[in-house]
Each structure stands twice: as C-alpha cells, then as structure tokens.
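Spelled out from the first residue to the last, the chains are:
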Amino acid sequence: ENPKAIGGKGNPMKLGTACSGTDAPAIAMRMLEEQWDLRGLPDLFGGVEHVFSCEKEPFKQAYLARNFESILYDDIIKLSREEVPCDVYGRKKPVPHHHMFVAGTVCRNFSMLRSKHRIDIEDKGESGETFLAACDKLFKYPNELTIFENVQSAPWDKMSEYITGRVKLSSYDAPHKAIRDARKGLSGKLMFVLDRKSKKIAVDAVPSTVGVRCGAIVKGFYRGKSNEMQDIAFPCGLKKCSIDQLLKANGISKDHDTLVFEAPVTYCTKSVKVDTKEFGLPQTRNRVYMFVWIPDGDDIHDDLGEYFDKIVSHLKSPLRQSLDAFMLHDDHDRIRVFREALRGPMGFNSKRRNMMEPDFWTSGKANVAHCRNTREGLGMDEHARLFTNWGPFGRKQIPPQCWLEYMNCNDARLCDRFDILNASSFRDAECHDPLFASFCWNISQNVSKEKHRSAVPAISGCLTPGGDFFVSHKGRPLLGCEKLLIQGIPYFRLLLGNETEVELGDLAGNAMSLTVVSAIMLAAMTCKQLKKECMVKANGCPKLALKLADGILNEECRLKQHAREVKWTGQIAPPEIRVKAPVLSTCAFSVFKQLAALTPEAIQSSIWCTCETSGMNTSLSEFVECQVCRVSCCRMCLDSFSGYNISSHVGTTRQVSIPDCEHNHADTLLKIRSIAPPVLQFKEGSFDEIMSVRKDVFRVNGLEMFLFRFQCIKRGRRKWSLEYYARENNGIGQPIARLRIVLGEALQESILHNKEVKAGLLVELTCFMPAISTPLTYGKLEPCAWLYLDCNSVQQPCWCVPCEDKMMEFLVSGSGETPSPRVEVGLREDAASVLEAASLSNGSKFQPSKKRGESRRWIWANNWRDWPQSITIESKKKETHFDIEGTYQRAACRQSTNQSALWIKLEKDRKPAMYIILRPNVDRTGPDFAVISTSSDWSDFLAVKAIFPTLWQPCDALVNTSRCQKLKLKNWRGSQAIKCVLAESTLKIENGKLESDELVLLSNFSSAEVEMFRKAAMVRGRGCLKLPTLCGQKARQVLRIFTSVCSTPIMRFASKIGLKYDLAPSSLWLKLREKDSTPFGQCSRTVPKKPAEAWYHNDERGRWERTSEPDAAKKYFDELVMAPQPFEFTLDCESMSLSVRCCPEVAGHRAANALISGRGLELPNESLDVSFKLLDKTLQQGHHLPSIFQVHNCEKEEATDVQLCGGYKLYERQKKVVTKMVRIEENRTQFAETELSECEMPGSTGLSLVAKATRQTNVPGGVILDAIGSGKTVVSIAIILNGILNARNSRSPTFKSSATCVVVPPGLIYQWDSEISKFTHGLDVIKIFDLQSLKKVTVWELLKADVVIMPVDILESQDYMKNLIERSGLVDFLKSTPKLPAYAGQYEYNDARGIWIPDSSRDAFGGNNKPKNQERRDASAYFTYVYEKCLTELRNHEFNADDTMIPLEFFEWERVIVDEIHESLCTTRKELATAKSGFENSGSGTAFFCERNRR
C-alpha cells in the first residue's frame, strides 16, 4: 500500500553486496520472488535489483559475472578511495543508488581457528581492512539498510562504534572488546589533542578497546538516554589530554553517558547471534549478523533493532533433514567425474608422492607430537590403526566401504587422523561405528583441534573454505557442490563454469548460509512495518508494543500451521494438489512379476565392489566375496600394499567370476526401463488398515489422490531399485511419499555350505508426512507397507502392513570371550576412567539420563573389554517355541557389520538362518540397538524378527544379572485392501518426419500435466513455449517433470517401435550436410568465438598485464547460453503436445570446430567429413569412441640405402627408418584426424547425440623412438645425406637455408659435430653456442650451410633475446627485455590436492594453484606473446648477405631435428634377451647395443 516501502509494489529493492562468496543474498531474493509467484502473490513483492558486487578473487569474479547482471567492482577497499571507482574491466562506474547493502567481510583474522594468529581491526589484516573499507562505503554512499556478517569472535562492540561514531563510556575500556592476543602492548588511554585552527578536539591515540580512528573529531556527548547533544570543551592548559581528563573537565558521567564523534550519517546497530542449524540446514555455523539502519529523526535510541531481532527469532526453522539428505548419490555425474579424476593422473601423482614418504611416526615432524598427545589423552594405544592400517611409503589397508582412490591421496599424517577420530567415536559411552553412523570429520584440521562429532547429531561442523570434510559412513569426502547445498545454495541453478571442486568449496565456505541471510534480509525489510502495527495496537507505548510483537508473529504462524493441517485432513484437496483422476485399469502385479523375473540377472549386473558405485565397472570382473557377511570387492582393489582390508574374512571367502556380458549393467538397465511403468497409483481405500495403526502414525490419510511418478533407477550392491515419488503441487513440489521397487537379493544371508542366494522383488511404500507436518518425526522413516515376490512367483501375494508389536521375556546368555570393538580400535583402561571423570565434572548434562536410569549413555560397562563368542536365547515360556531361539556364534568378520557385531544361527530343519546384529542409528539421534533378523544387512527392515532393549549391549550376555531381557517381537499382517494399479496414460508418441529436426512428438497430455510444465518453467503465456533445459532452477523443474512423465514412454516406444534413427551401437554413421552456406565448425552462433586477449603495459605497476574487451567474458557466456542446443523441447499449450527436436547440425558444428579452431586452418568444406548417430548410451558405453591413434612402424617399409663414409653401413632396420621418415617429409603419410562431440539428451532417457568430424591430413612430423644405443643419431645423419642435393638446390638468397637445424642440449653440440665428421664427408657444419657465436656468422653462411647445430637453451641468454627484439624493431614498444621464465617448458607438478581435494585449512589450493604458480603462467604467456610478435616483425625485414647477429628464427630450415626430448626409457627383459640372442646368433651383429655406430 505504501509506494515508498522498500521492496513494495512499484519500488523494487536495490541490493549491493560484498560477500566474498556466492552472493547468497542476491540468490535468496531471487528465490523469494519465485516463491511468492508460485503462491499466487506475484504483486506482493515489487522485486529486487542486484545493482553491484565487490570481489577481488578472479575465479569468483568470473562466477559473479556469469550469474548476475550487476556492476562488478574489483575490491571493496578501492570503492571509497577513488572519486569514481572502476569496475573489474577498468571502466569508470559510479556506485549506483541502493536500498540495502550486505557485506560479509573477511573473517580469517577474527576466526577462532587462528587462535595463535588472531589480529584485531587496527592491525591491518584482511579482516580489519575490509571492514573499515565497508564503513567508508557506508559514509560515502549511505543507504537505508545494511547487514554485516562475520564470526562470533569478531570484535562486534568495536565494529558498532566504528559505524555509529558513538562510544558508551561505561564499557569503552572493557577487555572483551579487543582480541586479546592482538596488538600486544597497545593498552593505554584514549588520548585527544586540540586542533588550533579548527578549535576541534581530535583523537590522538586509540587503545585496542575503542572503535575510533586516529584523527576522529569529537562532536559532543549524550547524557543518559537523552537525544540532545551536549557540547564538549578541551581542558584548559593542556596540549594533550586523556579520556579521564576530558570527562572530568566536562562533568561527563563514565557510567551513563555516551561520547559522540563526527560522522556523515547517523546510524544505529543491532547484532544477533545465529546458528545455521536453527534455520533448517545440517551445519553448525555460528555467526553474528549486525543490522545497521538510519533512524527516523536521527533518534539514536531507536528500538527498531528489537523488532528485527524478534522477526529473526520467529523465522527460525527446525532442522528436518540430516546431512545425508544433502549429499549426492554415488552415481551422480559430479561424483563420477570426481572419482575419475582421482583415478587419473592427478590422483596417481598424489599416490606416488605419498609412496615416497618414509615412516611418519619416526619422521620427527611437528604433527607427530599432535597425534601422540591426542592418542594419549584419548587413552588410545600408540600403534592402533584399525581404520587405515597405514604404514611407511603409502601402505594402507582400509575398510571396503571407503573410496580407495580418495584414501590413496592421503598421506600417513592424514591416515593417522582417521584412526584417531575412529577411536574417538568408539570411546563415547554411547558409541557408534563411523562406518555405519554419520560423522563428518574435517581432516584438514589438526587432530588435537578437530572434534570427532558435532554436538547435534547428523550435521557437519562449520564449513570452511579449506576444509576437507570426510563423511565416515559414506566412505568419501564432501564435494564442493555438496558444501553449497549444505549452505542452502542450490548449485544446480547457478551458472557454473570450470570451477574446480576446491574452488566450489571455497565459494561455499565463504558464503552466507542461504536460509539465514534470507531471514535476516526479510527481518530488515519488515521490522519497520511490524513496529508500526505494534505501536498502533499499543497506543504508542514502546514497551507494550514490543510485548505485542511476539503475539502478532505467533498468530500469523498459527494461522499458517492451521491451513497446512486442514490441507492434509483428506477431506479437502487444495487446488495446488488436485490431480486429474487417471483411468485405473491394469493391476501392477503383472509388471512386478516381469521385474521379479529379472532378479537373477540384476544380481549379476549389480555393484560388487565400492569402485563400481559411481557407474563404472571394474576392468577385471573377478571378485572375492565373504560367504558369511557377504562383503565383496574386486581383485583390482585387493592390493596387499594399498587396498581393501579383508584379512578377517580369510577362510570364508569365495572367488566369483562374472562374465563381462552378465556384469554389463547397461543391458539390465535397458530391460528394467522397458518394463517400468511411468505412473503408479493406489485405489481408494487402500490405506484404511494402515491408518488404523496407532491412530495413523504413518499419516497416509489422503495419499490415494496422488500419482506416483517414475523418478530414477539406482544400481546398488547385489540389487537394483526403481523409485517413484508422489509430490505436492501437481508433481513439482516437495515429495510426500515414495514407492521403491527393489529387485535382486531379497535378504543378505550367509551362503556357507553351498546355499543358494534368494532372489526376488520387494516393493516398499514410505510416507514422508511425519517429517513434514507437526508433530515432526525425526530420524529414518520406516516403510508403512511392503510386498514381496519371489523370482519364480506365480500367484499374486498380498501386501503386508504393520501391526502391534509384542513384548516377550527371553533368557539371553553368553559364553566365551572375544575382544570388543573398543579393544580392537586400541582403547585402553584409562580411556574409561577419563570418560567417567569427564561425566562427573559435567554431571548436570547427564541428569536427564540418570533420572531415566540410562547410565549407559554416560559410563562404560564394567566388562566392556569382552563380548561373548556365543549367545544363547531361550524363551521363559517353555511351552512356546520361537524361531529366534537357539545358539548364535560370533563371526570373525570385521568392519563389514556395525561395530563388527554379527552372531549367526545357521539354517536348520527348514527354519531360516538368524542373525544378531547391532542396527545402527545412522543419524546418531539415539543409541544403536541389537536386533534378531533373517538378514545380516541392517537395512533389511522386513527381516527384523525381534528387537532388544535400547540399552542392551552384547557384553551384558556375560553378566548373570542381565540375562533376562524383554524383546519386542515385530509383526506384520497381510492386507487385501491395498491395490496398486497402473495409472493408464493417454499419452501418444509418434516419430518426427525424417527430413525434419523433430525426433518425437508427444501428444494428448492432460491439462494438469501441461500446467505442471508451465509452472515449472514459470511462464504465464499460452501457445508454443520453448522450455528451458540447459541450467538453473527452471530447467531442473522442467527436466524432473519430463523424466517422470515422458522419459519412460519414449524409451518404451523406442524399444518396441523404434525411433527414426537406429539406436544400436553398430548403426551406421549418417552423413551431415550444411543447411546454409556456413561451413561446419565456422558458425559463430552455434560455436561463439572466444574473447580476444591482448597485453598492455601497466605504467603504475611497471609490468605487462593481460586484458580483454570489457564485458567480453560475460558476452561470450551469454552467447553460449543463447546458442542453439542439440535437443530442444517445445510445449504447445493449445494442442496439449510436446515436440522434442534433435539438431545434429549443432553437434556437427561443435565437433568440426574442435578439429579446426586455434590451428590457423582455413579448410574448404569438402575436406571435412561430418556425420552423426543417435545412441542409447546405456546399450554399450564408449562403443562410438575412435580407436587409439596409431602410426605403423617400419617393418613393412622398403629399405633406403644411404652411403656413409669410413666403411660404415646402415643396418636393414635403420634403412627402413630412413624410408619412413622420408615418406613423412614428402607428405606421403596420411591419417584420419577425428574429433567427436557428444551431447546427452536432457532428462533420464539415456539418449545421446554423437557427431564426428574427420579430415584426412598428412603426419606433420616424426619421432624416432628406438631404444638407447639403437643408432638414432646415425639414422638422422643418413636422412640429412639422403636429401642433401635437393636441400642445396632449394636454398634462396634471402631466408631459405639448405641447412638442417639440429637443436640439442649444450653438452651434445661437439658430439653431434664429431658424429657428422665420422659418418660423412664434405658437409658444411656451423656450431652456434650463444650470441657471441652468432656474431661471427653471416647471413650467407647460414643460408649455404648443410647443418646448423644450436643449443636448446639459447633463449635463456638475455643478450640473445635483446638482440631478437632489436632486430625486430620493437625496442620502443616493449620497453624492456623479458627473461625466459625459469619454469617455461617445465612440467608443473599437479596432484589432486589443491584442485579436487582441499590441501589444508590455511591454504585450500595448496601447492597447485598458488598465486606464484599463476605468476609463472602469466610470465610464460607474456614471453610467448613477445616472442611471437618479434618473429612476426622479424620476418617482415630484409637483411644483407654479409649481415651478422641475425636471429636464427629468421631463417627457414630444410628440417629441424630435436635431440634428447625423451625421458629415460626402460627396456624389457624380453627385449634384452632378444638383443643378446640376435647378437650371438648373427654373423653380422645386427642386435641392439653392440654396434660400432651406437648413438
């Protein structure tokens, strides 16, 4: 209603940011706009305009330029220093008007992680400089609302004083206001001087407890709570005075008054402490947000901040999801790429570096003391290493659940941290096994500082830019994109470039948590309105108004909650969840039966080793499987030096060899996909029996109205699963229920004594409403119904629903003693005593557990060291026998079950095998508890037969007083009411015409489905709409709906009828022709041209720097986004149809461009052969890839005889080499140069468009790769002799020389000269050593020479480079002579640390991406630029025949030979034996290494 309200209708909020991260405030406001629009309130919010950002980190600047249409300034420090600041492109850009400024200044110097190096604001660290720069910005460019964010340990009281210019005298010298270990020795008094000219009092010296700058002018003071400014006078007769003298002279009360300094703007501040986990994110991130505002009427006592605080508290949201929910599945593309990188050269370099390190424990490094002391304090044995079994030179044996490629990137120091943190987890009185419970360890932090668990379970610690967080039960690290998700930032809606995982982690670690900053900004925008409403109701009384604020907020919350509860009564279906009732026809049993028949095949093609969990199959389909616990891994990962640890399973393992054709998961995936229905639904009344269980504890009321749409297929260990989700908001909102179909091993059982594996199909229904609606249920949600089919089932089974559990008393006794897991991890007796002492000193924390009699939560059992070898269970009612009764023997298997707890009672008399296992509480919201199950896998919920009391531990079976236990017997009953049916779709599919780009046309959508697409794309128009599919939130929503509605029907149509292109891997390549006159690879619209790069001399810094046209990078990225895509989706709202276009020309242009771009090739279009095919990549991955490029050896070549002097002769193989090299020189050796472009179809269809561009080209050069001593030098000399006459005849008097230029290391110049003299006669040889040698040689001598030998390092001579610049005429242009960079041409050591994995907490980028390395790259790039420019100018000159000192680059040589370009070669034993045999059996002596002309 108020047109002046910030963010109101007609007055969009203008936002400026300086966040050193992802610019989360701008993302938050975008998402708020979208949510208001989705809720039908598009006019409620006037919108937001992000007008400027500040960032100095180059990769973050690139990120901001891609994602935000705002002015981008280089550094906030420069923002106020310049009259008109420049943006990152060097353009003058005035700071635009803005309403809100959000600044997340650097926290590094304030953080408690730097306890030894924390520095204060005034110490000129990054934290202080950026904060003071933000203050300068506030005074130079004032705005109505400002938000500051930093760590809690920042000096917030002083920061407030800097902003407001007001110092409360009662606390001006309070020690807590300063960082204690900063600016030591700078205590003292606040001192003042009197400026004689202005007669104003100025600050002369500032102690560390006051937030005032030297030179600040005293304006006056306020008495008590008065708003009236009082004048202040300087004490008479003093040149300087202290604060005490000034107060005494003016009668100022130190206890009540406030000292005021001059400031351009009057500001008020309010600081609030927040924790991210209180705002719905699984992270402990304690921060302070300071709200800064301009008070009405300059009232410094404005209480607006109190209303701000109340709104922030009101917007807190309980944590509903654990860390697991924010992690990507292991087969996600980003996970797959990450693991491939660790398996590639970078990961190998990390592993190789670790294998070069000797024993860490005896190395004497500083970290050894950290580890020893931590172990001692923990009560842990010094050499206990159960988790990693690390040793010197990279040796390790890790649990089979962990990623081996990641663990190989960790050195012994980091491996020891794993072992210590693992033991710490077992040391807790309520212990959890890290392999089965969610722990998030920051292994980049010193082990003496890192806590093994967070205070709140199932969340991570504070995500820092350099933190390497390891999620123990996943066996892998957190990726950068997952860190963004944990910060609440949906990475999939960001326009990301080529940021590395470490850079993404840096973005996340420096970002503000999205939900928190959303609440803070909303509170800042609405607190004035809340105050206004409260003051009206309180009749202007401020105290009463504040009391009314809570009531107003709570009333709004109650109304919203009531509306949500009404929504789920099942009696009212809100418009946003109404669905068109489908035609219910076929029972789903027929589909379930078909899927059940695939279960034997599904087991064979499933995951058998952890290395296969990300979509790749092991290269060796041979596995080792434990027949007891069923853990398995491939032979490739069983490296005895660095591999998986299965030593405890020896004696119970079996060898499993699966043929590649059966282990090929692509075939199974295709079969499952062809059977899986796109939509399932339950008939009305299906859930009546479930609703009767404990007053509808599963909250399934109204679930029948939802459609369960197909979401994805997941490959698991010895099983596959299909997932269907029912979602709010017509299928695009949050999921409310899941239907999972699992096919494979029904139960994980022991297969001793040749027992066969049971295969079948399991259907589980899980409702998420208990975790969505109040009262909230936390932790893992159990399925509310299930259906099981054996793979050979004929009859239709009924669904099972839970019924009331029964409590029965049993005698549980144990015998024999085996070590407990605490003993196995290395905990000693003193670990228990230290823990007990800690619990006594913190007794108040354990009072609730004590009152409940749960002493096990805070103290160990007396017999904690021993667990029973056997456990016997007997019923107290002798007349009744239960299957769970009997004797269970402990298995020797370790680390494959929770806490290595596994007792087995084998199958007997047709009674199923039974297992006692500890079922883990993965989220650690409670203790692990023992169950009796028919499966050794804790996740097989339907196999659980009995549950032990929560506090029971296996060691209790050895204590007589604890043998009588009440077990809860689980019961399920059959339900004939549940009817799952196929929701018959009216969707029609037809092929597009062969001559058109249309691949398929999907028609006859329901109006609800069309509306789903429109809402997801956030478009309001009708007619034909092009749907976004490339990136961002809109594209993600569209593809989610496309996957659930269209993907399965398309693939079923393809398998039954066939698309217009053959999808088989053996299909023919289809030739492409241009649709217009633009040659392939040269379409600037399809493949935009990269921005041109130039160099300019920065006179201020005195150096050359790279630059490009302003906005060039942004324009280039926009062109990439707007470029035609290989696949396009067009929705016709009128005809209810969706057209899927496939554009092979787009892929063809991309492939051709990769073939010709950047190589100066201006090829006629006829020389390129461009073709394509459409493939189902799941049929045979990589089948379309070209074979390895090969150039055949010389065995089949004819011999070319070259006469050598001195009676030397070439051997036959050497003559053939000469022939081969001459053929290459004469352009008679061709090969097909090929580039591919693969474009995957959006959505989960698995279709991929592959284009291939090929051209026939000549091999441009050759490499003689013979072994050492095989005569490479004499072959090279023979090649020179063979063409010497042609070379002499082709020389020119200007620049074309007849000489062969031989480039060698300096030490080989004379050797080459000697070899040429030895084998030839009459060749004119010139030796060039340096510039001095060049002074003695004329142009004509170089032109008529036969051989010129020069050193490879001649460019390192600065005089030579100076001469090159002078001869090129560029002395005035270049201003100085660049040196050849020391690192030019050298291998830059790159490993996974610093690129894929953070290197350390202090420097995430480690040694791989440091500024020094970038400086070296820039130096090499600049030298290349100068060198290339010099050569271009040099060759435009003409020189006389008798001129000297002409650079060698001026000439055109007959050929160039580079010697010693290889690394040392290793010769195999077979080659040595062949050489020796050839020498002994040959009269001519044709073997290697034994020749007279060996070189």
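Everything numeric in this text was worked out from a predicted model, so none of it was measured.

Cut-offs applied
- Residues numbered from 1 in each chain as written.
- Predicted model: local features only at pLDDT ≥ 70, side-chain atom pairs only at ≥ 80, totals over all residues.
- Heavy atoms only, no water.
- Helix = DSSP H or I, 4+ residues; strand = E, 2+ residues; numbered from the N terminus.
- Buried < 20%, exposed > 50% of the residue type's maximum accessible area, 1.4 Å probe, protein only.
- Contact = heavy atoms within 4.5 Å.
- Areas by Shrake-Rupley, 256 points an atom, 1.4 Å probe, with all protein chains shown as cover.
- Pairing = 2+ DSSP bridges.
- Core = buried A, V, L, I, M, F, W, Y, C linked by side-chain atoms within 4.5 Å.
- Arc of directions from axis to C-beta.
- Phe/Tyr/Trp six-rings, centres within 6.5 Å; stacked < 30°, edge-to-face > 60°.
- Axes fitted to C-alpha atoms, helices over the stretch in contact; angles between N-to-C directions.
- Parallel < 35°, antiparallel > 145°, perpendicular 65-115°, else oblique.
- Nonpolar A, V, L, I, M, F, W, Y, C, P; charged D, E, K, R; others polar.
- Salt bridge = Lys/Arg side-chain N within 4 Å of Asp/Glu carboxyl O.

A.B. asks: So what exactly am I meant to see when it comes to the overall build of the protein here?
C.D. replies: Looking only at helices and strands, the protein features 39 helices and 57 strands. Counting across all 1495 residues of the protein, residues that qualify as buried make up 53%. Pairs at least 24 residues apart make up 71% of the contacts formed inside the protein by residues separated by at least 6 positions. Of the roughly 68,100 Å² that the protein leaves accessible, carbon and sulfur atoms contribute 51%.

A.B. asks: What's the story with the pairing of strand 26 (residues 719-727) in this structure? I'm lost.
C.D. replies: The side chains of a regular strand alternate, first on one face of the sheet and then on the other. Burial runs high along strand 26: eight of the nine residues are buried. As paired elements, strand 25 (residues 708-716) and strand 26 share seven bridges and run antiparallel to each other. Pairing of R709 across the sheet is with Y725, part of strand 26. Counting the residues between successive antiparallel strands, the hairpin from strand 25 to strand 26 contains two residues, one of them, R718, with a positive phi of roughly 55°. Summarising the sheet, strand 26 and strand 27 (residues 735-745) pair through nine bridges and their orientation is antiparallel. Bridge assignment links K719 to a residue of strand 27, and that residue is G744.

A.B. asks: Looking at this structure, how should I read helix 26 (residues 1007-1017)?
C.D. replies: In an α-helix, one full turn covers 3.6 residues, which means residues spaced three or four apart are oriented alike. Across the 11 residues that make up helix 26, a large majority, eight, are buried. Immediately beyond the C-terminal end of helix 26, within one or two residues, lies M1018, with a positive phi of roughly 55°.

A.B. asks: How do you make sense of the nonpolar core when you look at a structure like this?
C.D. replies: Side chains of a nonpolar character, in soluble globular proteins, are inclined to be buried together. Grouped together as the largest cluster of nonpolar side chains are 108 residues, with contacts concentrated most on L15, M100, Y289, F291, F308, Y406 and F470. Here the element with the most residues in this core is helix 15 (residues 514-537); it accounts for 12 residues. Apart from the residues within four sequence positions on either side, Y406 is in contact with L342, F418, I443, D468, F470, P477 and I1397.

A.B. asks: Help me understand the sheet that holds strand 6 (residues 166-168), please; the structure alone is not making it clear to me.
C.D. replies: Backbone hydrogen bonds are what pair the strands of a sheet, in a parallel or an antiparallel way. In space, the four strands of this open sheet follow the order 6-12-9-10, with antiparallel pairing throughout. The sheet terminates laterally at strand 6 and strand 10 (229-230), the two strands that pair on one side only. Pairing of strand 9 (residues 218-222) with strand 12 (residues 258-261) involves four bridges; the strand directions are antiparallel. Bridge pairing in strand 12 links G220 to V260.

A.B. asks: Any chance you could explain helix 8 (residues 333-343) here in plain terms?
C.D. replies: Those residues of helix 8 that sit buried are I335, F338, R339, A341 and L342. The buried residues of helix 8 occupy an angular sector of 155° when the element is viewed end-on, so they sit on one face. Among the structural elements, helix 9 (345-354), helix 11 (404-407), strand 18 (476-477), helix 13 (480-486) and helix 14 (501-510) are those in contact with the buried residues of helix 8.

A.B. asks: Before we go on, may I ask you to explain the packing of aromatic side chains in this structure?
C.D. replies: Geometry of an aromatic ring pair is reported as the spacing of the ring centres plus the angle between the planes. Overall, the coordinates contain 45 aromatic pairs when judged by the stated rule. Ring centres 4.5 Å apart and planes at 25° place the aromatic pair F291 and F308 in the stacked group. Residue F291 is located in strand 14 (residues 286-293), and its partner F308 is located in helix 7 (residues 304-314); the two are separated by 17 residues in the primary sequence. F308 shares its class with F291; the two are buried.

A.B. asks: Quick question: what am I supposed to make of the packing of helix 2 (residues 58-67) against helix 14 here?
C.D. replies: In a packed pair of helices, the relevant descriptors are the angle between the two axes and the axis-to-axis distance. One can describe the packing of helix 2 onto helix 14 by two numbers: an axis separation of 11 Å at closest approach and a directional angle of 80°. Comparing their axes, helix 14 and helix 2 come out roughly perpendicular. Only E503, D506, L507 and N510 of helix 14 make contact with helix 2, whose side of the interface consists of F59, K60 and Y63. Across the contact of helix 2 with helix 14, the residue classes break down as three nonpolar, one polar and three charged.

A.B. asks: Quick question: what am I supposed to make of the sheet that holds strand 54 (residues 1300-1304) here?
C.D. replies: With parallel pairing, the four strands of this open sheet are ordered in space as 55-56-54-57. The strands lining the two open edges of the sheet, one partner per strand, are strand 55 (1325-1327) and strand 57 (1455-1458). Neighbouring strand axes in the sheet, compared pairwise and without regard to direction, differ in orientation by 20° on average. Where strand 54 lies against strand 56 (residues 1347-1351), five bridges are found, and the strand directions are parallel. Across the sheet, residue C1301 finds its bridge partner in strand 56, namely V1348.

A.B. asks: Is there a simple way to explain the environment of E228 in this structure?
C.D. replies: Mapping E228 onto the fold places it in the loop between strand 9 and strand 10. Put simply, E228 and D299 are 71 residues apart on the chain and 9.7 Å apart in space, counted from C-alpha to C-alpha. Those residues within four positions of E228 in sequence are excluded, and the remaining contacts are F221 and Y222.

A.B. asks: What exactly am I supposed to notice about the pattern of salt bridges here?
C.D. replies: Pairing is possible between side chains that carry opposite charge, provided their charged atoms lie close to one another. Evaluated as defined, the whole model comprises 69 salt bridges. Across the pair R334 and E501 runs a salt bridge, and its minimum N-O distance is 3.6 Å. In this pair, R334 sits in helix 8 while E501 sits in helix 14, placing the two residues 167 residues apart along the sequence. Put simply, R1141 and D997 hold a salt bridge, and the shortest N to O gap is 3.0 Å. Of the two residues, R1141 sits in strand 50 (residues 1137-1142) while D997 sits in the loop between strand 43 (988-991) and strand 44 (998-1003), which places them 144 residues apart along the sequence. For D997, a relative accessible area of 16% puts it in the buried group. Within this structure, E625, R630, R654, R718 and E745 form a network of salt bridges that share partners.

A.B. asks: Explanation requested: the environment of R630 in the structure shown.
C.D. replies: Secondary-structure assignment places R630 in the loop between strand 20 (622-626) and strand 21 (632-634). Taking the C-alpha atoms as reference points, R630 and D937, separated by 307 residues in sequence, lie 9.1 Å from one another. Sequence-distant contacts of R630, that is, excluding residues within four places in its chain, are made with E625, R718, E745, Q748, E749, I751 and V757.

A.B. asks: Explain the environment of S1244 to me, please; I cannot follow it from the model alone.
C.D. replies: Position of S1244 relative to the elements: it lies in the loop between strand 52 (1230-1240) and strand 53 (1247-1258). Note on S1244: relative accessible area 41%, which makes it partly exposed. Through-space distance from the C-alpha of S1244 to that of C712 is 7.7 Å; in sequence the pair is 532 residues apart. The contacts of S1244, once residues within four sequence positions are left out, are R673, T1043 and S1047.

A.B. asks: Where do I start with the side chain of R709 in this structure?
C.D. replies: Here R709 is to be found in strand 25. In this structure R709 comes out as buried when scored by relative accessible area, which is 9%. Residues in contact with R709, not counting those within four places in the same chain, are P678, V679, E723, Y724, Y725, E1009, M1012, S1044 and V1045.

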